[in-house]
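Here is how the chains run, residue by residue.
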Amino acid sequence: MFLNILPLALVDGIAYACLLFLVSMGLTLIFGVMGILNVAHGAFYAFGGYAAASFIMMIAPSTESAWIPLISLFLVAIVVGTVLGGLMEVLLIRRAQGYDPILKLLLTFGALLMLEDIQRMIWGAQPYSASEVVNRLGNIELGGITYTTYQLVVVPVTALVAYVSLEYFLRHTNLGKQIVAITHHREVATSQGINASKIGLITFIIGAILGVLGGALAAPTTSLVPGAGADMIVLSFAVVATAGLGQITGALVAALLIGIIRSISVYMAPEFEVAVPYIIMGLVLLVRPHGLFTVAQARTI
């Protein structure tokens, strides 16, 4: 029985892990550069999903193309992520740079609650979905098993391209190197002429776009309901804690680990499905308190 369900569990798990990774990658990028765990990042995911679903529902009747709705998911993510991320960084995060880390965390938690209320004001409590995208892309049959083209191709490829693009951007572009410099030592980087405020704004917008993109890509396969953002941010924290704070590659591995094991539990032991990510996180932190990929550093006392 396990061998029969394994292919399905792997596809579902990898597709879910890719969405989780996109959100976690944005969260860990913001933390690495700005030193803040942005609880409101879950609201970016929810806004991305609702906005994408609304836009697809609006344009779907006017076109029979399978690609226009798909491309729209990415355009919506860029627009919504830029607006939300830019406004939040300028109005809230930038003003809180000198605050205690706990106060920063509480500020972003307050922002999450406010954004969830705004989300309810705009979209109400009814579920939203953009399933038309999945329907139009059709299915692929492999080994006698039918998979949706969307989950099998679009989501994993998007996550991979986002990861490669971000890694290339950080390592091989001037702006990316400035972001890395701020990450390693903000004061020294600033003394070398790097504009920390500009870098912070760019980083926050990139992270927000990744969070919104995770929600937009989830919309075709998930019914979005109030509370989806809070659920996602808790799962993203589990990924980030398992990988180690600020570890982008680690977030990819941790998301795959959590996504695949969670998917297998859905088929084999559904009663443990909700607890699986936190069980994995707890077991990892018992052995590696700083996460799987973080190297502990000596402290000066």
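Here's what I pulled together on the structure shown here.

So, how was this worked out
Residues numbered from 1 in each chain as written. Predicted model: local features only at pLDDT ≥ 70, side-chain atom pairs only at ≥ 80, totals over all residues. Heavy atoms only, no water. Helix = DSSP H or I, 4+ residues; strand = E, 2+ residues; numbered from the N terminus. Rg over C-alpha atoms; globule rule 2.2 N^0.38 Å. Core = buried A, V, L, I, M, F, W, Y, C linked by side-chain atoms within 4.5 Å. Buried < 20%, exposed > 50% of the residue type's maximum accessible area, 1.4 Å probe, protein only. Contact = heavy atoms within 4.5 Å. Salt bridge = Lys/Arg side-chain N within 4 Å of Asp/Glu carboxyl O. Pairing = 2+ DSSP bridges. Phe/Tyr/Trp six-rings, centres within 6.5 Å; stacked < 30°, edge-to-face > 60°. Arc of directions from axis to C-beta.

This next bit is on the overall build of the chain. Looking only at helices and strands, the chain has 12 helices and 2 strands in total. Secondary structure elements in the chain, listed N-terminal to C-terminal, are α-α-α-α-α-β-β-α-α-α-α-α-α-α. A globule of 301 residues ought to have a C-alpha radius of gyration of about 19 Å, and the chain, at 19 Å, matches this closely. With respect to the principal axes defined by its C-alpha atoms, the chain has extents near 60 × 45 × 35 Å.

Ranked by internal contacts, the top residues of the largest apolar core, which has 82 residues, are Leu22, Met25, Phe44, Leu73, Tyr150 and Leu166. With 13 residues, helix 1 (residues 2–34) is the single largest residue contributor to this core. Beyond its immediate sequence surroundings of up to four residues, Phe44 is in contact with Asn38, Leu84, Met88, Leu115, Phe204, Ala208, Gly211 and Val212.

On to the pattern of salt bridges. Applying the stated criterion to the full structure yields 5 salt bridges. Put simply, Glu89 and Arg94 hold a salt bridge, and the shortest N to O gap is 3.0 Å. Of the residues examined, Glu89 reaches a relative accessible area of 2% and is grouped as buried. Where Glu132 meets Arg136, a salt bridge forms, and the shortest distance between an N and an O atom there is 2.9 Å.

What follows is about the pairing of strand 1 (residues 139–142). Strand direction decides the pairing type here: strand 1 and strand 2 (residues 145–148), joined by 4 bridges, are antiparallel. For Ile140, the partnering residue across the bridge sits in strand 2 and is Tyr147. Counting the residues that bridge the hairpin from strand 1 to strand 2 gives 2 residues, and of these Gly143 lies at a positive phi of roughly 60°.

Within the element layout of this structure, Gly250 appears in helix 11 (residues 248–268). The sequence separation of Gly250 and Thr294 amounts to 44 residues, and the corresponding C-alpha distance is 8.6 Å. Once residues within four sequence positions are removed from consideration, Gly250 is found in contact with Ala243 and Phe293.

What the rule picks out here adds up to 5 aromatic pairs. With a centroid separation of 6.1 Å and 65° between ring planes, the pair formed by Phe21 and Tyr163 is classed as edge-to-face. Of this pair, Phe21 sits in helix 1 while Tyr163 sits in helix 6 (residues 149–172), placing them 142 residues apart in sequence. Taken individually, Phe21 and Tyr163 each receive the classification buried, so the pair is uniform in this respect. Here the aromatic rings of Phe44 and Phe204 are separated by 6.2 Å at their centres, their planes lie at 90°, and the arrangement is edge-to-face. In this pair, Phe44 sits in helix 2 (residues 41–59) while Phe204 sits in helix 9 (residues 196–218), placing the two residues 160 residues apart along the sequence. In textbook terms, an aromatic cluster arises when at least three aromatic residues are bridged by ring pairs, as seen for Phe47, Tyr50, Trp123 and Tyr128.

Our next topic: helix 7 (residues 174–184). What helix 7 keeps buried is the set Gly176, Gln178, Ile179 and Ile182. Viewed along the axis of helix 7, the buried residues span an arc of 160°, placing them on a single side of the element. In this structure, helix 7 carries Asn174, Lys177 and His184 as exposed residues pointing more than 90 degrees from its buried face.

Before going further, it helps to spend a moment on the side chain of Thr203. Relative to the helices and strands, Thr203 is located in helix 9. Owing to a relative accessible area of 0%, Thr203 belongs among the buried residues under this scheme. Residue contacts for Thr203: discarding those within four places in its chain leaves Leu29, Ile30, Val33 and Ile179.

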